Structure formats: C-alpha cells, structure tokens
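Structure at a glance
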Amino acid sequence: MLHRASAALTAATALTLSSAAPPGSHPGGRAMPEDPEHTDVEVHDPSAVAAGDETWVFGSHLAAASTEDFITWEQEANLPTPENPLFDDVTTELAETFAWAETDTLWAPDVFQLADGRYAMYYNACEGSSPRSAMGIAVSDDVDGPYEDQGIILRSGHREGEGPAEDGTPYDATVHPNVVDPDVFRDAEGTLWMVYGSYSGGIFILELDEETGEPLPGQGYGKHLMGGNHSRIEAPSMMHDPETGYYYLFTSFGGLSADGGYTMRVARSTSPDGPFHDAAGHRMDEVAADPSEPIFDDEYIEPFGTVVMDGFQLSADAAGADPQSVQDLGYVSPGHNTTFRDPETGRMELIFHTRFPGEGERHQVRTHRMQMTEDGWPVAAPLQESGEPMERVLRPGVPGEYELVAHSREISAEPAPTRTVTLRGDGTIVNAGGEAVGTWRLQAQNRAVITLDGVEHDGIFAEQVDPAGGDPAVTLSALSEGGDALWGVRTTSD
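Going along each chain's sequence as written, the residues are numbered from 1 onward. For this predicted model, a pLDDT threshold of at least 70 governs which residues receive local features, and a threshold of 80 or more governs which side-chain atom pairs are given and counted, while totals over whole chains, interfaces and linings are taken from all residues. Computation of side-chain values: all heavy atoms of the structure, hydrogens and water removed.

Concerning the overall build of the protein
How we decide: Only DSSP runs of H or I reaching four residues or more are called helices, and only runs of E reaching two or more are called strands; each is numbered from the N terminus. Within these notes, the globule rule equals 2.2 Å times the number of residues to the 0.38 power, and the radius of gyration is based on C-alpha atoms. Here's how the labels work: a residue is buried when its accessible area is under 20% of the maximum for its type, exposed when over 50%, partly exposed in between, all with a 1.4 Å probe on protein chains only. Computed by Shrake-Rupley with a 1.4 Å probe, the accessible areas treat only the displayed protein chains as cover when residues are assessed. Neither His nor the chain ends contribute to the count of charged residues, in which Lys and Arg are positive and Asp and Glu negative. We put the charge of a Lys on NZ, of an Arg on CZ, of an Asp on CG and of a Glu on CD.
In terms of regular secondary structure, the protein is built from two helices and 29 strands. Its C-alpha radius of gyration of 22 Å places the protein within 12% of the 23 Å reference for a compact globule of 494 residues. The C-alpha extent of the protein, read off along each of the three principal axes, is 70 × 50 × 45 Å. In the protein, buried positions account for 58% of the 494 residues. Surface accessibility of the protein: about 18500 Å² in total, with carbon and sulfur atoms responsible for 45%. One way to put it: in the protein the 26 positive side-chain charges average out to a point 7 Å from where the 84 negative ones average out.

Okay, structure coming up:
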C-alpha cells in the first residue's frame, strides 16, 4: 500500500557544512516555496490511501478529503446522511451496524486497495459511552464510491443473552477490544493484516484474507499488542520501513477532545504482530492501566511509548505571526494519525487531526513531514508541510535564537512546556540569561545532535516555510534516548 513505510535517513560520515546560502533560498541550490496557500478540511481521525495522483483521507462521520500535494486539500464528503456521495444511502445500507452500535454516526474508517483493484472501506460504529461497536466492509471500484456493503465482520460489547464474544467467551471490556479504529496494511512478504482497537482491552492485530479482506477464521479478536483495563490508548496506524526493517505502530494516548490531552506515540518491532517496544525498551504488550485504579487511569501509561507530538503553543514571535495567525503556531490534542510514503522519493508524511488554542472543538487536518533519526525512529518536523526540499541545511544557517518545545508525556490539556535558547556559532547553547545549558552539532547533511541539560537528542535540522508568514525558518526535531521529543523553531538569526 503506497501510504505505508518510509525511507530511512542514511547514516553518513560526520561532515560539518560551512558554505553560506542566500537568505530564503534552499542550501542545496533549489528555491524554497514562496508563501504556499494551505487550504483546510475537516476530517476527524484521518486514514490515508493513494489513488492515482491523489491521496485521500477518510475519517469519522463519513468525512473524506483529497490532495495532490498535502498543501491544497478538497473536502469530498462529510456527515452520514443519505446525501453523502460515498454511499447511495448510508443510513439504510449500514442499518444493521447502526442498530448494533446504537448510534446514527460512524467512527474512524480505513480504506485500502485490494489486490483486484477494488477499494475496501473498513467502516465502524460505536455507542460511545461503552465499547458496543460493529465493524464491517464495504467495497467500490473507485476510491470516491459509491461503496457497497459486504456485511459486519466484528462485534464488541455483547450483553448477557446476546451470545459470546468473537473468541467464544463472555465479552469482557477490560481484556477484549472495542472493534473500532481499523488500519489495514501489507507486510514485507505481502501478507494482509489489520490493527485496530480503542481503550477497553487495547490494540489488537488480525491476519486478513487476501481475496475478501475479511479476518481469517479461528483468530477470535486476534493478537493483543498493547493496552487494556480501559487504558486510553487508541487509533493504531502501522508503517513499515524497508530500510530499517521495522514496523512502526503509531497510537494516540489520552482523549480526543480539547481537554482530553491527546498525544501521538510510536513503538516498533521487526515483526508485524510484535512484540513492539518503545525507545526506552519497554515492551508495549505489557502496558495497560492499573486495574486497581479508577477507569481511564492515565498516570500508569504516561511513561510508555516514544513521543511523536503533544499539544503545544509557540509564541507569536516564533514566526512573526499576527494575532489572527497564532492558532497556526500551536495544536490542541493532535492525534489519530495516518502515514503516507511516496514510493518514488521516499518522502514520508504524518497526517492527523488537531484542535487549536482558544478554538474549542474546531478541528482540521494537518500534515507534517517525517524523517528518520540515526537510530531509526521517525520524528516530525515542527511546521506543517509546505513542499520544502528538507534535504540539507548549512551550518551558518543554524545559529540563532530558538523557541524550544519539550513534548510532554503527561496526558493533560496543558500545552507542552516551551523555552527560549540561543544556539551559538561556537556550538554551545545558552539560555535567556546567557548561561550555558548544552551543545549542538550539525552532522552529515541535516542530522542534529542536541545536548540540553545533560540529555542528548538525535534528530533533524530543516529549513521550512513558516505557514503564518511564508518566510524560511530553520527548525529542529529530535528525540532523546528515552523517547522524548524536542522541537525548535528559530526566531532570530545569530
């Protein structure tokens, strides 16, 4: 599937680059985009699929949008009404699903192109206050539909008298999954899989039939990968990197609302069905909420997972934004991501929904470029995708004042802490009072090695376009050995 996997950053002999480049130009000689005009779309819980020259994202409430460049988007559908073009009439075609889930809307789907060229939509619906859910498959010859229902494939939340759960035992919400949030992918050998799950018993994986796309018989709910005891872990998305050989399992910890504290995290394994570990070496199938604590105990799961992104807010000075653009410099509860990889260039994108500081529950799709650290972990660029080359940064362009974001593990509505430091030309980092707090190095073409307060971070320097003003801005995105994410945006040059 074209939107899975990534090309790793090739480790090279350390090389300090010293030649200068004109302001606003790309150090490799190619011009930077000039003030790209981003368009916004509303797709909660996006999941991506390639379709010709376009990438489509499908999300909750039967929303869909398309793009050719991850900058300009077009809203294609929204809301599960009879007029939604993805079905002839979704309200009647998926009546059995709505009835079981006791709802009139749909949750996060995934669309996947089967071997015969058809597109399969793995739709799902949930009651909301409980894990009573149903998941099914609908197929279409075209990515934009209309999709034709093939029936329900999984159910959860069985009540007394409704028969056993998928594994033949009484349904237990602390160990059995909530059958929502599917993500379908092929592994390196071509085997078809689906990861899924939200809260309840955690994240699971099932092997699928290549012809029908349905789960192979005899698996029950499949194999458990992480979570349980109602821990707030959901939205699994798998990405395989042929260069590192790892399967990367992205999830969102916390709640999706503006006060829910969503954070994106990732773990990896050499096998599609695990076990998965985070950067600190924790085995993720052992991560679950403490059963002795109240439901949705966040404190017990906060230490685990490699951090990708937390909610944050930069100051207006970070990119010269006017007050109307400040929301472009911060996210609230970013999460439920999908990934895309260009098979020709290896360009890797992180696509997710987010809310914004001071904007309540308003949400939109955002896309950020990802690159691999030397240790083979994906890090996301701090500013949204604007078509930048992002291949090389020259050392004279790095020094200056930066606003740093230390993405937090705390599942909280509070934004990640920020601080202002200066990266000096001599390789030192000083705080606002001029005291030394660390060192920095630029290696190879864009590798960042940042030591801050005694902790070393490995990552990427990049020259990006400030979405609030269109000017070039040097950024950094790095990861500590323990899996904590650090971002930086240069506000003034040295």
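What about the packing of aromatic side chains?
Rule in force here: Stacked, edge-to-face and tilted are the three classes for Phe, Tyr and Trp ring pairs, Trp counted by its six-membered ring, which pair at centre distances within 6.5 Å; planes under 30 degrees apart are stacked, over 60 edge-to-face, the rest tilted. Placement of a charge over a ring requires the Lys NZ or Arg CZ to be within 6 Å of the ring centre, with the centre-to-atom vector within 35 degrees of the ring normal.
Applying the stated criterion to the full structure yields 13 aromatic pairs. Ring geometry for Phe70 and Trp73: centres 6.3 Å apart, planes at 65°, overall edge-to-face. An identical accessibility class is assigned to Phe70 and Trp73; each is buried. Ring geometry for Trp440 versus Phe461: centroids 6.1 Å apart, planes at 85°, classification edge-to-face. Of this pair, Trp440 sits in strand E25 (residues 436-443) while Phe461 sits in strand E27 (residues 455-465), and the two are 21 residues apart along the sequence. Side by side, Trp440 and Phe461 carry an identical accessibility label, which is buried. Chaining the aromatic ring pairs together yields one cluster made of Phe312, Tyr331, Phe352, Phe356 and Trp487. It is Arg132 that lies over the ring of Trp100; its NZ or CZ is 3.9 Å from the centre. Cation over ring: Arg268 sits above Tyr246, and NZ or CZ is 4.0 Å from the ring centre.

As for a negative patch on the surface
Basically, it comes down to this: Each patch groups residues whose relative accessible area exceeds 30% and which form no salt bridge, using 9 Å between like charges and 5 Å between nonpolar side chains of Val, Leu, Ile, Met, Phe, Trp and Tyr. Between Lys or Arg on one side and Asp or Glu on the other, a salt bridge is scored when a side-chain nitrogen of the former is within 4 Å of a carboxyl oxygen of the latter.
On the surface, a cluster of negative charge is contributed by Glu34, Asp35, Glu37 and Asp471. Its location among the elements puts Glu37 in the segment before strand E1 (47-51).

Regarding the nonpolar core
Worth spelling out the cut-off: Remark: nonpolar core denotes a set of buried residues (Ala, Val, Leu, Ile, Met, Phe, Trp, Tyr, Cys) joined through side-chain atoms within 4.5 Å. Any pair of residues with heavy atoms lying within 4.5 Å of one another is described as a contacting pair.
One finds Phe250, Met309 and Leu350 to be the most contacted residues of the largest nonpolar core, which totals 30 residues. Looking at this core, the elements with two or more residues in it are strand E14 (247-253), strand E15 (263-269), strand E16 (306-309), strand E19 (348-355), strand E20 (364-372), strand E21 (378-380), strand E28 (472-480) and strand E29 (485-493). Excluding its chain neighbours within four sequence positions, the residues that come into contact with Leu350 are Phe250, Met264, Val308, Met309, Asn337, Thr338, Thr339, Arg366, Thr367, His368, Met370 and Ala380. Listed in part, the 22 residues of the second largest apolar core include Trp56, Ala64, Phe98 and Val111.

Section: the layout of surface pockets
Operational definition: Here a cavity denotes a set of grid points, spaced 1 Å apart and computed over the protein atoms alone, in which a 1.4 Å probe fits but from which it cannot get out, and a pocket denotes an open set meeting protein on both sides within 12 Å along at least five of seven lines; residues with an atom within 4 Å of a point are reported as lining. Grid points are joined across faces, edges and corners, and a volume is the space filled by probe spheres set on the points.
By volume, the second largest pocket is sized at about 530 Å³. What lines the second largest pocket is a set of 26 residues, and nearest its centre among them are Trp107, Gly128, Ser198, Tyr199 and Glu234.

Considerations on the environment of Glu76
As for its placement among the helices and strands, Glu76 is situated in strand E4 (residues 73-77). Sequence spacing of Glu76 and Met135 is 59 residues, and the spatial spacing of their C-alpha atoms is 23 Å. Contacts of Glu76, omitting those with residues within four sequence positions, involve Trp56, Ala64, Ala65, Ser66 and Pro85.

Looking at the pattern of salt bridges
Counted under the stated rule, the structure contains 19 salt bridges. The closest approach of N and O atoms between Arg362 and Glu359, which form a salt bridge, is 3.3 Å. On the basis of relative accessible area, Glu359 is assigned to the partly exposed category, the value being 32%. A salt bridge links Asp484 to Arg409, with the shortest nitrogen-to-oxygen separation between them at 2.7 Å. Placement of Asp484 in the loop between E28 and E29 and of Arg409 in the loop between strand E22 (400-406) and strand E23 (418-423) is noted, with a sequence separation of 75 residues between them. Residue Asp484 is classed as partly exposed on the basis of its relative accessible area, which comes to 30%. One connected set of salt bridges, linked through shared partners, spans Glu102, Arg132, Arg159 and Glu162.

Digging into the pairing of E4
Test applied: DSSP-based pairing: two strands are paired if at least 2 bridges between them are found.
Relative to E4, strand E3 (residues 63-67) runs antiparallel, the two being bridged by four bridges. Bridge pairing in E4 links Ser66 to Glu74. As consecutive antiparallel partners, E3 and E4 are separated by five residues, and within that stretch Phe70 has a phi angle of approximately 65°, a positive value.

Brief notes about the sheet that holds E4
Strands in a sheet are paired, the pairing made by backbone hydrogen bonds, and the direction either parallel or antiparallel. Quick note on the threshold: Lines fitted to the C-alpha atoms define the axes, with helices restricted to the stretch that makes contact. Angles between their N-to-C directions range from 0 to 180 degrees.
Taken in spatial order, the four strands of this open sheet run E1-E2-E3-E4, and their pairing is antiparallel. Each having just a single partner strand, E1 and E4 make up the two edges of the open sheet. Neighbour to neighbour, the strand axes of the sheet diverge by 25° on average, direction disregarded.

Some thoughts on empty space enclosed by the protein
Defined as follows: Note that Gly is not counted as nonpolar here; it falls among the polar residues with everything else outside the nonpolar set of Ala, Val, Leu, Ile, Met, Phe, Trp, Tyr, Cys and Pro and the charged set of Asp, Glu, Lys and Arg.
Under the defined criterion, the tally for this structure stands at five cavities of 30 Å³ or more. By volume, the largest cavity is sized at about 80 Å³. Around the largest cavity sit 15 residues that line it, and Ser47, Pro182, Pro236, His336 and Asn337 are the ones nearest its centre. Elements represented by at least two residues in the lining of the largest cavity include exactly strand E13 (233-240) and strand E18 (330-341). In the lining of the largest cavity, the residues fall into six nonpolar, five polar and four charged.

Such coordinate-based values are descriptive only and should not be taken to indicate function.
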